[in-house]
Amino acid sequence: MGDSGARTLQARVLEHIRVQGLWAPSETVAVGVSGGVDSMVLLHLLHRTQRAHGGDLVVMSINHGLREASAQEVAMVEAQCQSLGLCFETCTLELKPGANLAERARDARRLALQSLGTDKIATAHHQDDQAETVLYHLLRGSGMQGLKGMTAQAGRWVRPLLREPKSVLKAWAEVEGVQWMEDPSNPESQRGAIRRVLPQLDELHGGAGRALARSARLLAREDALLSELTAEAWARVSRDEGLDRGLLAAEPEALQLRLLRKLISDPGVRADQLEAVVAGALIRPGRLDLGGGLSLICVDGCLRVARA
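Residues numbered from 1 in each chain as written. Predicted model: local features only at pLDDT ≥ 70, side-chain atom pairs only at ≥ 80, totals over all residues. Heavy atoms only, no water.

Engineer: Can you help me understand unusual backbone geometry in this one?
Structural biologist: What is expected of a backbone is that most residues other than glycine have negative phi and most peptide bonds are trans. One non-glycine residue, N100, adopts positive backbone phi at about 55 degrees. For N100, the location among the structural elements is in the loop between β3 (87–92) and α6 (101–114). (Helix = DSSP H or I, 4+ residues; strand = E, 2+ residues; numbered from the N terminus.)

Structure, rendered in structure tokens:
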């Protein structure tokens, strides 16, 4: 889309906010801004269109405390907010290097943004992020709930840029003279590797990132329908804080898997464990170890979750 897409970016983002109902006029909206090009574009777009979308903006920038440049990035965002007359908040995370650092940093960022108590929380996830997310879940063998990727709205969390490619965001920033600092990334991480693969997929099939994002939107619609059918099936097969094993087996396999996930309520449970139940495991009284101190047990014809 490039420069031509950049010229109409502002109008498209406003339309996206309106059509998706990301927030209503006068609602408070926290904007997570790291200082990278994506979040700085989000900051300036929402400020320029504030009269039209009506959100009351509060900007937050987070110092993870893991790099010397973090404080400089926060200071740059604060200076930009002061020049624009926007409310600014910051916090410093006490993270320590070690295992699962990316996940721990993400969880800490979410808690910090939620602590502002705003009606909505806007992040700068874009079309390329969506494509990476779909590929990541595909490699993990996820079902529809993973392959649908991110949605424009999930509770308080909203993504105004989700349908825009990064190339358009960067082109808009260059044309509009937006200041940003380059986001550091870990090329050795799985996400970093996926980011390197996407351009190769584009060579095989032009517009691969756009196509992956479109697939995610289509799957999200189908996932919403299946979620409704799962709720109806739950009313048919649930019994005594569990699932009637015989009635569960009579449901379509896709619904069986979703009903089991709903019962277990732990995203760490592997798909192959659930598939074993659908294939006939625990038809008779028994126990299936799910890991993490969880077991699925069959007693008196009912499946229940046991916790260590």
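Engineer: Looking at this model, I keep getting lost on the pairing of strand β9 (residues 286–291). Mind explaining?
Structural biologist: The pairing of β9 with strand β10 (residues 294–299) spans 5 bridges and is antiparallel. Looking across to β10, one finds that G291 is bridged to L294. Linking two consecutive strands that pair antiparallel, namely β9 and β10, is a turn of 2 residues; a positive phi of about 65 degrees is found at G292 within it. (Pairing = 2+ DSSP bridges.)

Engineer: How do you make sense of the side chain of H126 when you look at a structure like this?
Structural biologist: The residue H126 is located in the loop between β4 (120–122) and α7 (127–139) in this model. Among residues more than four places away in sequence, those in contact with H126 are D38, L161, L162, E164, K166 and L169. (Contact = heavy atoms within 4.5 Å.)

Engineer: What's the story with the sheet that holds strand β6 (residues 157–158) in this structure? I'm lost.
Structural biologist: Whenever strands of a sheet pair, they do so through backbone hydrogen bonds, lying parallel or antiparallel. Spatial ordering of the open sheet is given by β3-β2-β1-β4-β6-β5, a layout of 6 strands whose pairing is mixed. What marks the edges here is a single partner per strand, and that holds for β3 and β5 (153–154). In this structure, strand β2 (residues 56–63) lies alongside β3, joined through 6 bridges in parallel fashion. From the neighbouring strand, V58 faces β3, where its bridge partner is C87. Sheet strands touched by helix α5 (residues 69–84): β2 and β3. Its angle to β2, the strand with the most contacts, is close to 165 degrees. (Axes fitted to C-alpha atoms, helices over the stretch in contact; angles between N-to-C directions.)

Engineer: When you look at the nonpolar core in this model, what are you seeing that I'm missing?
Structural biologist: If you look at soluble globular proteins, the nonpolar side chains tend to sit buried side by side. Formed by 35 residues in total, the largest nonpolar core has its most connected members in L9, V31, V41, L46, V59 and V77. Listing elements by their share of this core, those giving two or more residues are α2 (9–20), β1 (28–32), α3 (37–48), β2, α5 and α9 (166–176). Per-element tally for this core: the top contributor is α3, with 7 residues. Each residue touching V59, except ones within four places of it in the same chain, is listed here: V31, V33, L43, V77, C81, L86, C87, F88 and E89. By size, the runner-up hydrophobic cluster in this structure holds 20 residues, among which are L226, L248, L263 and I264. (Core = buried A, V, L, I, M, F, W, Y, C linked by side-chain atoms within 4.5 Å. Buried < 20%, exposed > 50% of the residue type's maximum accessible area, 1.4 Å probe, protein only.)

Engineer: Sorry if this is basic, but what is going on with the pattern of salt bridges here?
Structural biologist: Note that side chains of opposite charge can pair when their charged atoms are close. The final tally for this structure, using the stated rule, is 15 salt bridges. Of the charged contacts, one joins E73 and R67 as a salt bridge, the two residues approaching to 2.9 Å between their closest N and O atoms. The exposure class of E73 is buried, given its relative accessible area of 10%. Residues D272 and R270 are paired through a salt bridge, measuring 2.9 Å at the closest nitrogen-oxygen approach. (Salt bridge = Lys/Arg side-chain N within 4 Å of Asp/Glu carboxyl O.)

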